[in-house]
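Architecture and fold: a report
So the chains spell out like this:
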Amino acid sequence: MRKKIIAGNWKMNKTVEEAVELAKAIKLELADCNGVDVVLCPPFTAIKAVSDVISETLINVGSQNMGSEDEGAYTGEISHAMLKELFVRYVILGHSERREYYKENDFWINKKVKKALEKNLRPIVCVGEKLEDRESGNTESVVEQQVRGSLADIPASAYTELVIAYEPVWAIGTGKTATSEQAQEVHAFIRGLIKDMVGAEAADAVRIQYGGSMKPGNASELLAQPDIDGGLIGGAALDAVSFAGIVNAGI
Ligand code: PGA
């Protein structure tokens, strides 16, 4: 039985003070979140402060990106060691906004995934098609290329650690959620791909989150699908009550 995982991606929102306030509110709402893994991913600048707020809870802290190298002349990058120092456990990699606005590609995402695993950080690897891909019937081929590219040469044993987030780009921040059937169909397809790449055991173990306008009102139905193992939440993660509502739908 795969444990559900609900992660809040705060994106480029919240100063340190605002982040502390939100983390405290989430902590109060989620006094008991035993049955589900919960991850908060604030901007880099607020990670330390959020880590401090949730230090004695079951809530985990994650980052929204990570550099692929250990250290050195990489202006603007953040390394695994810098994140681990702040008790980061999860790293979101290859989010569609990074792919679209900062031209991250599967080659670089794959390097980051390998580095994260080598350093005992859990990658949340994002994939998903754009509206034009879906409308032209290319959802599966686009998702397949991203999965095979960003997870190239990852050993079967790593799939208990890594998480895949299927996020149709047309559903992110738009209020348009994939129906539970649409989402389940792609999740099952991704699980089939993993089986083909590294075998049935890894495919059965890997957790696949859905992301894209997930809210308390649609979370239960999405999370009830057999291949949907959690959610990567953007907008609704910025409100403690909404985020807790989604977490509770996963318990
Ligand atoms: P959204 O974002 O929930 O605001 O659609 C999801 C994401 O980008 O991870």
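Just above, that's the structure.
Below is a short write-up of the structure. Per chain, residue numbering runs from 1 following the sequence as it is written. Whole-chain, interface and lining totals are the exception, using all residues; otherwise, since this is a predicted model, local features are given only for residues with pLDDT of at least 70 and side-chain atom pairs are given and counted only at 80 or more. Only heavy atoms go into the side-chain values, all of them from the structure, while hydrogens and water stay out.

1. Focus on the site of the ligand
Around the ligand sit 13 residues in total, of which Lys11, His95, Glu167, Gly173 and Ser213 are the nearest. A 3.5 Å cut-off defines polar contacts: any pair of N or O atoms within that distance qualifies, except that in protein one atom must be a possible hydrogen donor and the other a possible acceptor, and neighbouring residues in sequence count only when both atoms are side-chain atoms. Between the ligand and the protein, one listed contact pairs an oxygen atom with a side-chain N or O atom of lysine 11 at 2.7 Å. Residue glutamate 167 places a side-chain N or O atom 2.7 Å away from an oxygen atom belonging to the ligand. For the ligand, whose free accessible area comes to 280 Å², the fraction covered by protein is 95%. For the shell around the ligand, the residue count by class is 4 nonpolar, 7 polar and 2 charged. Proximity is defined per residue: any heavy atom of the residue falling within 4 Å of a molecule or strand makes that residue near it. Computed with a 1.4 Å probe, the accessible areas rest on the Shrake-Rupley method; for each residue, only the protein chains presented here act as cover. Three classes are used: nonpolar for Ala, Val, Leu, Ile, Met, Phe, Trp, Tyr, Cys and Pro, charged for Asp, Glu, Lys and Arg, and polar for all others, with Gly counted as polar.

2. Here's the deal with the pairing of strand β8 (residues 230-233)
Using a 1.4 Å probe on the protein chains alone, a residue whose accessible area is under 20% of its type maximum counts as buried, one over 50% counts as exposed, and one in between counts as partly exposed. For the purposes of this entry, the term helix denotes a DSSP run of H or I that reaches at least four residues, the term strand denotes a run of E that reaches at least two, and both are numbered from the N terminus. The side-chain alternation of β8 yields two buried faces, one formed by Gly230 and Leu232 and the other by Gly231 and Ile233. Here strand β1 (residues 4-9) runs beside β8; their pairing, made up of 4 bridges, is parallel. When the bridges of β8 are listed, alanine 7 appears paired with leucine 232. Inspection of the sheet shows strand β7 (residues 207-211) paired to β8 by 2 bridges, in the parallel sense. Here, a strand pair is defined by DSSP locating no fewer than two bridges between the strands.

3. A word on unusual backbone geometry
With phi around 70°, phenylalanine 87 is a residue other than glycine that occupies positive phi space. Among the residues examined, phenylalanine 87 registers a relative accessible area of 64% and is labelled exposed. The phi dihedral of lysine 103 is positive, around 60°, even though this residue is not glycine. Along the polypeptide, lysine 103 turns up in the loop between α4 (96-101) and α5 (106-118).

4. Describing the nonpolar core
Put simply, a nonpolar core is a bunch of buried Ala, Val, Leu, Ile, Met, Phe, Trp, Tyr and Cys residues held in one set by side-chain atoms that sit within 4.5 Å of each other. Core analysis: the largest hydrophobic core is formed by 68 residues, its most contacted members being Leu151, Ile190 and Phe243. For this core, the element with the highest residue contribution is helix α8 (residues 180-198), accounting for 6 residues. If you look at the next biggest cluster of nonpolar residues, it comprises 11 residues, including Ile5, Val39, Val163 and Ala165.

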